[in-house]
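Inside the fold
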Amino acid sequence: MNSTAPAPAKAPIGSLRTLWPFIRRHSGLFSAWLVALACSSTATLSLPVAFRQMIDHGFSSGANIDRTFAFVLAVIVALALATAARYFFVTLLGERVVADLRSRLYAHLLDLDAGFYDRSRSGELVSRLTADAELLRSVIASSMSVALRSSVTVIGSMVMLFVTSPKLAAWALLGIPLAVAPIVIGARRIQKVSRASQDRIADANALATEALGAVRTVQAHSREAYERGRYAQAMASAVATARKRIGAQALVTGVAITLIFGAVIVVLWSGAHDVIAGRLSAGALGQFVMYALIGGGSVGALAEVWNELQKAAGGMGRIHELLQEAPAIAAPAQPRALPVPVRGEIAFENVTFHYPQRPDTAALAGFNLRVRPGETVALVGPSGAGKSTVFGMLLRFHDPQSGRIALDGIDLRDLDPTVLREALALVPQAPAIFAASAADNIRYGRLEASDADVRKAAESAEADDFLDALPDGFASELGERGARLSGGQQQRIAIARALLKDAPVLLLDEATSALDAHSERAVQTALEHLMEGRTTLVVAHRLATVLKADRIVVMDHGRIVAEGTHAELLAQGGLYAELAKLQFLD
Ligand SMILES: Nc1ncnc2c1ncn2[C@@H]1O[C@H](COP(=O)(O)OP(=O)(O)OP(=O)(O)O)[C@@H](O)[C@H]1O
């Protein structure tokens, strides 16, 4: 087990272009940011001029002192205001854009079809939504801002260097890259080592997560000392890697100070000769050094954010790819309407279906089934026979490769999937319980249901007794995956949900796990209430269910192999008799 997220891949910066439509929607903020950026860059680039004034004229006469210092102060105030505004606009822009992007991606993911989810790992999708989106937030709010600002500053200070002293500027043009290059190379190396160091820490975390998650097993085997040792070793390895990073960082810091100040001193030394010779004023020399520092700093900043930009481009590339993924199941341009009320007549006509992941074996092969309105049909068959696939096809999670499935005579492909699914209520084997109150979990069946309706549904589902016994009754939080409920209770919540949905067709996947006699009876009563007056397809695992069904359909290898009542099928012998002996009659 390893919880380490894969290191974000680098991608061509061009992928960031796909971010533009999201930024454009906030054009007000974007323009405000550009204006603030222009102001702050102008102020930054005016600062050395102000200092030159201060050095050259500031010390000569009283009136000059006041004017010069007032000018310096004004530049500083402008710089402060513009910087604050720039930060505000660009950070807010980052938040807004990423919130949009996340909502758009989430909505898109919810629309994608079952085939897509079979192909992808949900952990990876979540990390698109979290880690990749996070990368983009930092890129808009900081890297993009730094990149643009630094580019402007580098160009501006280059120009100003030449304006101030062409000769020194020519020197600096050679000197700045010489000073910055080793620092950039060093920073790259540090980044590599620090990624390795993060990986080591992630390894240790994975170890700890695994052991703490299975702490009973660890203790039952008396493996505390063993786990302690493994963790200590992982930690030691993390420290050893960190030591490399720290060493490299220290070295780069030393080299950076030497090179940067060395270069400044060289320029100052050469400039000082010019000042003594009267070729340059002292203020101009000061101005020059300031431009060199500002320009050099910006080159360094650019080099630093380049990596960030590349990582973010990778994130955006992956998000863009997901957004381009078209759902395979979608509503037709002109969807047909279901009759009102829906009668609930189901027809599978010669349906053949292969899961895209397993093109060689048919999950349904020439499958024919007709269910009359109000009829209860029990599906039985060995594991892998295709029973759940029948449900998935009816819900139109997939489309058949050949044949036709219809509800009330209308091909499912001619319906809007949301309309179709409103007509079907699914009670799965392992129902999803959300981390919300019991009432809200039931209300998932019909969001606008009143509290009274919720209670009525719970009563019919035999769920009111145990829900009332919870500390806060129906308002009790159920916790993720219904951790606080037994299997039978979770099923009854799902049944109440389906009752509330009140759909004309019921798809019921009975739980295989054995319930205690009391729960079993409660679930059975609840199901009887639920099935009343509805077309019901049930994957049956209980004798009581097959006995009550109007018809039993025996499936094997995606086909129907026998049909009839329990007694008839038993008399025939064959697969059903065998299954009955194993599943129902023990
Ligand atoms: N998402 C999927 N991707 C690929 N193959 C699948 C998928 N779901 C089911 N299958 C395959 O399709 C066949 C039918 O599976 P299905 O789940 O419909 O059987 P089942 O009768 O419901 O079995 P069980 O009683 O064990 O739930 C099996 O061979 C199964 O391995």
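Residues numbered from 1 in each chain as written. Predicted model: local features only at pLDDT ≥ 70, side-chain atom pairs only at ≥ 80, totals over all residues.

**Examining the overall build of the protein chain**
The secondary structure content of the protein chain amounts to 19 helices and 10 strands. Taken against the 2.2 N^0.38 rule, which gives 25 Å for 586 residues, the C-alpha radius of gyration of the protein chain at 35 Å runs more than 25% over that of a compact globule. A principal-axis box enclosing the C-alpha atoms of the protein chain has dimensions of 120 × 65 × 50 Å. Considering only contacts within the protein chain whose residues lie at least 6 apart along the sequence, 80% involve residues at least 24 apart. (Helix = DSSP H or I, 4+ residues; strand = E, 2+ residues; numbered from the N terminus. Rg over C-alpha atoms; globule rule 2.2 N^0.38 Å. Contact = placed C-beta atoms within 7 Å.)

**Focus: the pairing of strand β8 (residues 535-539)**
Most of β8 sits inside the fold, with 5 of its 5 residues counted as buried. Burial of β8 is two-sided: the residues Thr535, Leu537 and Val539 facing one way and the residues Thr536 and Val538 facing the other way are all buried. Two elements, strand β3 (residues 376-380) and β8, share 4 bridges in a ladder whose sense is parallel. Directly across from threonine 376, in β8, lies its bridge partner threonine 536. (Buried ≥ 20, exposed ≤ 12 C-beta atoms within 10 Å, placed from the backbone. Pairing = 2+ DSSP bridges.)

**Things to note about the domain arrangement of the protein chain**
Here the protein chain is partitioned into domain 1 (12-161 + 307-328), domain 2 (166-279) and domain 3 (346-423 + 503-583). With centres defined by C-alpha atoms, the gap from domain 1 to domain 3 works out at 56 Å. Facing 4 residues of domain 1, the contacting portion of domain 3 comprises 6 residues. (Domains from an automatic or database assignment.)

**Notes on the sheet that holds β8**
Strand order in the open sheet made by the 6 strands is β6-β7-β8-β3-β9-β10, with mixed pairing throughout. Lying at the two open borders of the sheet, with one neighbouring strand each, are β6 (424-427) and β10 (559-564). Adjacent strand axes in the sheet meet at a mean angle of 20° when their direction is disregarded. Most of the contacts of helix α15 (residues 487-501) go to β6, to which it runs at about 175°, and overall it touches β6 and β7 (505-509). (Axes fitted to C-alpha atoms, helices over the stretch in contact; angles between N-to-C directions.)

**Brief notes about helix α2 (residues 27-57)**
Compared with the 45 Å implied by 1.5 Å per residue over 31 residues, the 44 Å span of α2 between its first and last C-alpha is a close match. The largest bend in α2 amounts to roughly 30° and is located at serine 46, with the proline proline 48 lying one to four residues further along. (Expected span 1.5 Å × (residues − 1). Bend = angle between axes of the 7 residues up to and from the residue.)

**Remarks on the packing of helix α6 (residues 166-213) against helix α9 (residues 282-324)**
It is the contact of α6 with α9, at a shortest axis distance of 10 Å, that shows an interaxial angle of 30°. As α6 packs across α9, the resulting crossing turns out to be right-handed. Here α6 contributes Leu168, Ala172, Ile176, Ala179, Val180, Ile183, Val184, Ala187 and Gln191 to the contact with α9, which in turn contributes Phe288, Ala292, Gly295, Gly296, Val299, Gly300, Ala303, Glu304 and Asn307. When the residues that make up the contact of α6 with α9 are grouped by side-chain class, the tally is 12 nonpolar, 5 polar and 1 charged. (Left-handed = near helix turned anticlockwise from the far one by under 90°. Nonpolar A, V, L, I, M, F, W, Y, C, P; charged D, E, K, R; others polar.)

**Some details on the packing of α6 against helix α8 (residues 224-276)**
The geometry of α6 relative to α8 is characterised by a closest axis approach of 9 Å and an angle of 170° between their N-to-C directions. Judged by the inter-axis angle, α6 sits roughly antiparallel to α8. Its residues placed into classes, the contact of α6 with α8 shows 30 nonpolar, 9 polar and 7 charged. (Parallel < 35°, antiparallel > 145°, perpendicular 65-115°, else oblique.)

**Side note on the sheet that holds strand β1 (residues 346-353)**
Strands belonging to one sheet form pairs held by backbone hydrogen bonds; the direction of such a pair is parallel or antiparallel. Pairing is antiparallel across the open sheet formed by 4 strands, whose spatial order is β2-β1-β4-β5. Whereas interior strands pair on both sides, the edge strands pair on one side only; in this sheet they are β2 (364-371) and β5 (410-411). Summarising the sheet, strand β4 (residues 402-407) and β5 pair through 2 bridges and their orientation is antiparallel. The partner of leucine 407 across the bridge, within β5, is isoleucine 410.

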